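If you want the building blocks of each chain, they are given just below.
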Amino acid sequence: MRIPAARMAVAVAAGVAMLITAACGSSGPSAPKTSAGGGKTTGLHLTLLIGSSGDAETNAVNAAAKAWGTKSGNTVTVTPAKDLTLELTQALAGGSPPDLFYVDASKFAGLVKANALVPYGDQLPNKADFYPSLVKSFSANGKFYCAPKDFSTLALEINTDMWTKAGLTDADIPTNWDQLEAAAKKLTKGGVTGLVFSDTLDRVDAFMRQAGGSLLNADGTEFTANSPENLAGLQYVAKLAKEGVLKFPKQTDTGWGGEAIGKNKAAMTIEGNWIVGGVKSDFPKLHYKVVELPAGPKGKATLSFTNCWGIAQKSKNQAAAIDFVKFLTSTDQQMAFANAFGVMPSVQSAKSQFTAAFPDQQAFVAGADYATGPTSLPGFDQVQKDFDSKILGLSDGSSNPQSMVDDLQKNAEAALKSAG
Amino acid sequence: MTAPEQELSDLRRATTRRRSDNSAGERTRSRPTRRRAGGIRGRERWAGLLFVGPGLAVLLIFLVVPIGLAFYVSLTRWDGLSSPFGNGAKFTGLQNYRSLLTEDSLTRQNLAVSVRNNFYFVLFVVPIQTMLALFLAVLLNNRFLKGKSYFRTAFYFPSVTSSIAITLVFLFLFQGGGAVNRLLDFVGIRGPNWLADSRGVFHQVLRIFGVDAAPDWAKHEFLNLSWWDWLSGPSIAMCVIIILVIWTTSGTFMLMFLAALQNIPEEVEEASEIDGATQWQRFRLVTLPMLRPALLLVLTLGLIGTWQVFDQIYLTGNNPATITPAYLSYNQSFQNSMFGVGAAISFLQFALIIVLSTIQRRLVGTGEDY
């Protein structure tokens, strides 16, 4: 060999460097390559990234994946993410996203704008069966993008022991703002606060909507955050907070409404379906009932929180993924999920089954008819957090409702402008 | 002679020559060695490169390239949902920096608040933790102290425990109805709701003297924050984190001081004693100057570390009372999908740390050793 040792050394070093870079570049499983968007639907390997609420959900999704895999002749790897937003972002930025993943309604607009999602919703046979408000949450540019996975709505939870002890009966269950205030006043005594809910726009927004307001105008093109209706909703919250009959979890040394009611620090709270499972495991002795949110001056309103089954634009197995979603959103499969981890099916055909199986959760289902989804806009997160951070100040008057909605309007407009 | 053989003999000769320079036989046989550019030393350089190659590659891939990428991202508008080099990212030049510093926006306001928070954090943590660490080290260095290793472990313990675990414990201690407030109740003080309290400490002190609102001169704004707000002092929530960080990090720095103290020759101290120095004089005029390199190290590490505080802030949640630039950068990137702005914030922070470290180096000493 006439190769000088030195040159060999360089070659070796370069080889090592290339190996390392190559190893870094090609992460992810080597899935069988089929033509993109092709019709092939068997013998494939799909990847599914989920933001699981716990073992119950992970196991249920795994079981569903196995069932569909056997039926269709495919295999599915289910990966529960520790932090879904983070992991999904990394996967998308790296150019190798999972075929299928949960999409939170508040992140939907960003993903659509980045052209990360396949708009497959209109191909689903049970398209008309989904609740219209959920379909709206996952539609953009006139296209129905992804099938709603399930959903939760906000309702009022009442500690029944405290309720009866305060001399209240079923006839006193609040159906309007005045009754809610009266009940909260009656229930506030000693270490117990009448009403406790999280200091976030995701609760306050419900009151704004009950007052006839909304953050965005009807076609979602302009913000109307500082409308008199929104202000009225916030002022009502401020009034309760100032009277001390409404407190926020931080003021009761708790993390959220479910903990406040579970630890007997609150007689009432406003949370979604997730409270059922949370209370069952942490505070099994709590007696409570779930009722619809009281109506405001402009009628009933509540908020819905939902995820959809997003299919990646970059996925090579789109046809199979759509088939998988059909299976996952079928009425039977959704009821299986509801039984396993307490979510509400996103299809109306499961409504009667659900209320029969879970009569206590009637109020959550009822909310579906008048619920609205969260504001989805890239860059809105910090706007909302800024608003949220001021809610606590309503109690001691250090935050002014008028300037809060004005700031919200100003910052949201800026976010809309920079996102546009 | 083939090329490899030639090289081998060259090499062998080089080593022998170094070992026995006067060997006559070697000298008579030696030919002119400068036949090729670089010669013997050149080959050593290649061998050296081969040996540092893997390390260099790792540094390049995991340090230099990410920093370069982050800088590139800071010049774009990228939502993190597609490749930063594709259509998803728009190259905007210095727009992110310009809007952060000059445009009236919520992001700029948050940046100003976070810089203020972090400034007070550094202002309190660095001097106190340094003094505390030095004090503990001097105590432990006492020759007559019994149970030295016990105290050393005890003081160092918070440093080796997970910061997440310790922060969680502090969150419980400082809850509105937590242990700290219960204790205060005993002595008749009604404690604040520590971690939710965004009131500035300086503002509270001024309130005692009857200054309740901003005087006219302090109403002017700088980066969306009035001078009155800039001068608020650390928020009460931040004070909890200041206490926490001082407690956890002074152990590490104590060890550094202890090592430096043990390096001071006993003779020097004895000599000063014979010269009639009092204990305080000895500490101030002998020990402290000899600790200067360690002091510089501790201050620099402290300054850099405190400007990057993140985990404690992350756990206390998104609260304007405690956000710092590091947290804001994370929040802008991953929560708000503005990776360009997030990266730009971290580079601004980088610049700030460089400037402050340089100033501090000038102040503390010549920095001969570091």
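Just so we're clear, the structure is a prediction, and the values are computed from it rather than from any experiment.

## Comments concerning the overall build of chain A
Moving on, step 1. Within chain A, the regular secondary structure consists of 17 helices and 14 strands.
Moving on, step 2. Counting only contacts in chain A whose residues sit at least 6 apart along the sequence, the fraction spanning at least 24 positions is 75%.

## Digging into the overall build of chain B
Moving on, step 1. Per the secondary structure count, chain B includes 17 helices and four strands.
Moving on, step 2. For chain B, long-range pairs separated by at least 24 residues make up 71% of all intrachain contacts whose partners lie at least 6 apart in sequence.

## Looking at the domain arrangement of chain A
Residues and elements named next belong to chain A.
Moving on, step 1. Its domain assignment divides chain A into domain 1 (45-153 + 305-372) and domain 2 (155-303 + 377-419).
Moving on, step 2. With 19 residues of domain 1 at the contact, the number on the domain 2 side is 16 residues.
Moving on, step 3. For the side of domain 1 that touches domain 2, the elements supplying multiple residues, two or more each, are helix H4 (108-113), strand S6 (147-153), helix H15 (362-367) and strand S14 (371-372).
Moving on, step 4. Among the elements that take part in the side of domain 1 that touches domain 2, H15 stands out by supplying four residues, more than any other.
Moving on, step 5. In terms of residue class, the side of domain 1 that touches domain 2 is built from ten nonpolar, seven polar and two charged.

## Comments concerning the sheet that holds strand S7 (residues 155-159) of chain A
Through backbone hydrogen bonds, the strands of a sheet pair up, either in parallel or in antiparallel fashion.
Residues and elements named next belong to chain A.
Moving on, step 1. An order of S9-S8-S10-S7-S11 is seen for the five strands of this open sheet, with the pairing classed as mixed. In this open sheet, the two strands that pair with only one neighbour each are strand S9 (246-247) and strand S11 (288-291).
Moving on, step 2. Sheet strands in contact with helix H7 (residues 177-187) are strand S8 (193-196), S9 and strand S10 (266-271), and its direction is about 130 degrees off that of S8.

## Describing the environment of Val61(A)
Residue and element names in this part refer to chain A.
Moving on, step 1. Tracing the backbone through its elements, the reader meets Val 61 in helix H2 (residues 55-72).
Moving on, step 2. Classification of Val 61 by C-beta neighbours within 10 Å gives buried; the count is 22.
Moving on, step 3. Here the alpha-carbon distance between Val 61 and Met 268, two residues 207 residues apart in the chain, equals 33 Å.
Moving on, step 4. With residues near it in sequence (within four places) discarded, Val 61 still touches Ile 50 and Val 78.

## A few points about the packing of helix H16 (residues 380-391) of chain A against helix H17 (residues 401-419) of chain A
All names here are of chain A.
Moving on, step 1. Remark: H16 packs on H17, axes separated minimally by 9 Å, with the N-to-C direction vectors making an angle of 170 degrees. As far as their axial angle goes, H17 and H16 are roughly antiparallel. Residues Phe 380, Val 383, Asp 386, Phe 387 and Lys 390 of H16 touch H17, and the partners they reach there are Met 404, Asp 407, Leu 408, Asn 411, Ala 412 and Ala 415.
Moving on, step 2. Looking at side-chain class alone, the contact of H16 with H17 contains seven nonpolar, one polar and three charged residues.

## Side note on the packing of helix H5 (residues 106-140) of chain B against helix H11 (residues 236-263) of chain B
Residue and element names in this part refer to chain B.
Moving on, step 1. One can describe the packing of H5 onto H11 by two numbers: an axis separation of 6 Å at closest approach and a directional angle of 40 degrees. When the axis of H5 is compared with that of H11, the two are oblique. You can see that H5 and H11 cross each other, and the crossing is right-handed.
Moving on, step 2. In the contact of H5 with H11, the residues fall into 21 nonpolar, five polar and no charged.

## Re helix H6 (residues 148-160) of chain B
Moving on, step 1. The terminal C-alpha atoms of H6(B), which comprises 13 residues, lie 18 Å apart, in line with the 18 Å expected from a rise of 1.5 Å per residue.
Moving on, step 2. Considering bend angle alone, the principal kink of H6(B) is centred on Ala154(B) and spans about 25 degrees; proline Pro158(B) follows within four residues of it.

## Topic: the domain arrangement of chain B
Moving on, step 1. The domain boundaries assigned to chain B delineate domain 1 (39-64) and domain 2 (105-198 + 235-364).
Moving on, step 2. One C-alpha centre belongs to domain 1 of chain B, the other to domain 2 of chain B, and the line joining them spans 38 Å.

## Let's talk about the confidence of the model for chain A
Moving on, step 1. In this model, chain A carries an average pLDDT of 87, and 90% of its residues clear a pLDDT of 70 or more.
Moving on, step 2. Below a pLDDT of 50 lies the segment residues 1-38 of chain A, which in the model reaches 37 contacts outside its immediate sequence neighbourhood of four places, other chains included.

## Let's talk about the pairing of strand S1 (residues 45-50) of chain A
Residue and element names in this part refer to chain A.
Moving on, step 1. Burial within S1 is extensive, with five of its six residues counted as buried.
Moving on, step 2. Note: S1 against strand S2 (residues 75-80), six bridges, orientation parallel. Residue pairing in the sheet places Leu 46 in a bridge with Val 76 of S2.
Moving on, step 3. Handedness of the crossover joining S1 and S2 through H2: right-handed.

## With respect to the confidence of the model for chain B
Residues and elements named next belong to chain B.
Moving on, step 1. Per-residue pLDDT for chain B has a mean of 84; in total, 87% of the residues score no lower than 70.
Moving on, step 2. When pLDDT is averaged over each element of chain B, H5 comes out on top at 93 and helix H2 (residues 24-29) at the bottom at 46.
Moving on, step 3. Here residues 14-30 is a poorly scored stretch, pLDDT under 50, and it has three contacts once near neighbours within four places are set aside; other chains count.
Moving on, step 4. Two summary scores accompany this predicted model of the complex, namely pTM at 0.80 and ipTM at 0.76.

## Overview of unusual backbone geometry
Moving on, step 1. One non-glycine residue, Asn141(A), adopts positive backbone phi at about 50 degrees.
Moving on, step 2. Note on Asn141(A): 8 C-beta atoms within 10 Å, which makes it exposed.

## What about the nonpolar core?
Moving on, step 1. In this structure, Cys146(A), Val237(A) and Phe257(B) are the most contacted members of the largest nonpolar core, which totals 178 residues.
Moving on, step 2. Here this core gets 15 residues from one element, more than from any other, and that element is H11(B).
Moving on, step 3. If sequence neighbours within four positions are ignored, Cys146(A) has contacts with Val103(A), Leu117(A), Tyr120(A), Gly121(A), Phe138(A), Cys308(A), Trp309(A), Gly310(A) and Ile311(A).

## A look at the environment of Pro234(B)
All names here are of chain B.
Moving on, step 1. With respect to the helices and strands, Pro 234 occurs in the loop between helix H10 (227-230) and H11.
Moving on, step 2. For the pair Pro 234 and Gly 251, spaced 17 residues apart in the sequence, the C-alpha separation amounts to 23 Å.
Moving on, step 3. When residues no more than four places from it in sequence are discounted, the contact partners of Pro 234 are Tyr 120, Phe 121, Phe 124, Val 201, Cys 239 and Ile 242.

## Considering the pairing of S10(A)
Residue and element names in this part refer to chain A.
Moving on, step 1. Among the six residues that make up S10, six are buried, leaving the element largely enclosed by the rest of the structure.
Moving on, step 2. Judged from the four bridges that link them, S7 and S10 form a sheet pairing that is antiparallel. Note that in S10 the partner of Leu 156 across the bridge is Ile 270.
Moving on, step 3. By the bridge criterion, three bridges tie S8 to S10 in an arrangement that is parallel. Along S10, the bridge assignment pairs Val 196 with Thr 269.

What counts, and at which threshold
- Residues numbered from 1 in each chain as written.
- Chains lettered and ligands numbered in written order.
- Predicted model: local features only at pLDDT ≥ 70, side-chain atom pairs only at ≥ 80, totals over all residues.
- Helix = DSSP H or I, 4+ residues; strand = E, 2+ residues; numbered from the N terminus.
- Contact = placed C-beta atoms within 7 Å.
- Domains from an automatic or database assignment.
- Nonpolar A, V, L, I, M, F, W, Y, C, P; charged D, E, K, R; others polar.
- Pairing = 2+ DSSP bridges.
- Axes fitted to C-alpha atoms, helices over the stretch in contact; angles between N-to-C directions.
- Buried ≥ 20, exposed ≤ 12 C-beta atoms within 10 Å, placed from the backbone.
- Parallel < 35°, antiparallel > 145°, perpendicular 65-115°, else oblique.
- Left-handed = near helix turned anticlockwise from the far one by under 90°.
- Expected span 1.5 Å × (residues − 1).
- Bend = angle between axes of the 7 residues up to and from the residue.
- pLDDT = per-residue confidence, 0-100.
- Right-handed = clockwise from strand over helix to strand, strands pointing away.
- Core = buried A, V, L, I, M, F, W, Y, C linked by C-beta atoms within 7 Å.

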